[in-house]
Amino acid sequence: MTPVLLTLLAVVALSGCGAPPELRQPAGVPQATGTPTAPGPTGAPTGSPTVPPARTPSATPDAGLVATACRNGPTGQQVVRLLRGRAAVLPDNVQVKVRTGPLCATDWQYTVVEVTGHEALQVVTTGRPAALELVTAGTDVCTIEVRAAGPAGIRALACDAGPPLRPGA
């Protein structure tokens, strides 16, 4: 046989029917591999580049940018218990009512408590509901600690919103 005929037979034999159906990719689906391709003689990659899957943007903003109602606590009553207990900010005989919050941003909370016969009390706490820690409480809670360490959502409430208004004011 001549070399041309041998080459032609080899090409026909190697092309055959192609890959079995279970190994074929559906038409229109790009084939990408997780391994880089070796450069060809020109120094350019020989295969198509691997493209990472597109990330879908999160529907919720960063938890620290905005303070929202706390889904996993603490409750207003837990904040009041802290103020009456370990923190010793409120005596037991004064009547209080939670007016706003707690609002959470990361692991910080902001609450406004109505105190009978007194101005509203702003309260900034941090930590888990079972182990709340008082950061500050008063009529002006924009302290250095809140400004320096507090998440943006808490800083906005404590420092940018101004003092809480009394009902009817």
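Residues numbered from 1 in each chain as written. Predicted model: local features only at pLDDT ≥ 70, side-chain atom pairs only at ≥ 80, totals over all residues. Heavy atoms only, no water.

On to the environment of glutamate 145. Within the secondary structure, glutamate 145 sits in helix α3 (residues 144-149). Residue glutamate 145 is classed as partly exposed on the basis of its relative accessible area of 45%. Taking the C-alpha atoms as reference points, glutamate 145 and valine 135, separated by 10 residues in sequence, lie 7.8 Å from one another. The contact partners of glutamate 145, leaving out residues within four places of it in the chain, are Trp108, Val135 and Gly150. (Helix = DSSP H or I, 4+ residues; strand = E, 2+ residues; numbered from the N terminus. Buried < 20%, exposed > 50% of the residue type's maximum accessible area, 1.4 Å probe, protein only. Contact = heavy atoms within 4.5 Å.)

Before going further, it helps to examine helix α4 (residues 152-160). If you check which residues of α4 are buried, you get Gly153, Ile154 and Ala158. Buried residues of α4, viewed axially, fall in a sector of 115°; they line one side. (Arc of directions from axis to C-beta.)

Let us look at unusual backbone geometry. For the bond from glycine 73 to proline 74, the omega torsion is 5°, close enough to zero to count as cis. Structurally, proline 74 is set in the loop between β1 (68-69) and α2 (76-84). For threonine 106, which is not glycine, the phi torsion reads 55° and is therefore positive. Assignment of secondary structure puts threonine 106 in the loop between β2 (96-105) and β3 (108-115).

So, on to the pairing of β3. Along β3, eight of the eight residues are buried, which leaves the element largely enclosed by surrounding structure. The alternating pattern of β3 places Trp108, Tyr110, Val112 and Glu114 and Gln109, Thr111, Val113 and Val115 on opposite faces, both of which are buried. Between β2 and β3, which pair antiparallel one after the other, the connecting turn spans two residues, and threonine 106 there sits at a positive phi close to 55°. Pairing geometry for β3 and strand β4 (residues 121-126), over six bridges, is antiparallel. Looking at the pairing, threonine 111 lines up with valine 123 of β4. Between β3 and the antiparallel strand that follows it, β4, lie five residues; glycine 117 among them carries a positive phi value of about 80°. (Pairing = 2+ DSSP bridges.)

Here we come to the sheet that holds β3. Spatially, five strands are ordered β1-β2-β3-β4-β5 in an open sheet, and the strand pairing comes out antiparallel. Two strands close off the open sheet at either side, each with one partner strand: β1 and β5 (133-138). Here β2 pairs with β3 via seven bridges, running antiparallel. Bridge pairing in β3 places valine 96 opposite valine 115. Seen against the sheet, α2 touches β2, β3, β4 and β5 and runs at an angle of roughly 110° to β2. Those strands touched by α4 are β2, β3 and β4, and its axis lies near 25° from that of β3. (Axes fitted to C-alpha atoms, helices over the stretch in contact; angles between N-to-C directions.)

Let us look at the environment of valine 113. Relative to the helices and strands, valine 113 is located in strand β3. Separated by 12 residues in sequence, valine 113 and glycine 101 have C-alpha atoms that sit 8.8 Å apart. Setting aside chain neighbours within four positions, we find valine 113 in contact with Leu83, Val96, Lys97, Val98, Arg99, Ala120, Leu121 and Val123.

Right, let's talk about the side chain of threonine 111 for a bit. By the element assignment, threonine 111 lies in strand β3. For threonine 111, the residues in contact, after removing those within four places along its chain, are Val79, Val98, Thr100, Gly101, Pro102, Leu121, Gln122 and Val123.

Let's shift gears to the confidence of the model for the protein chain. Residues of the protein chain with pLDDT of at least 70 account for 57%, and the chain-wide mean is 74. Counting contacts from residues 51-60, a segment whose pLDDT is below 50, to residues more than four positions away or on other chains yields zero contacts. (pLDDT = per-residue confidence, 0-100.)

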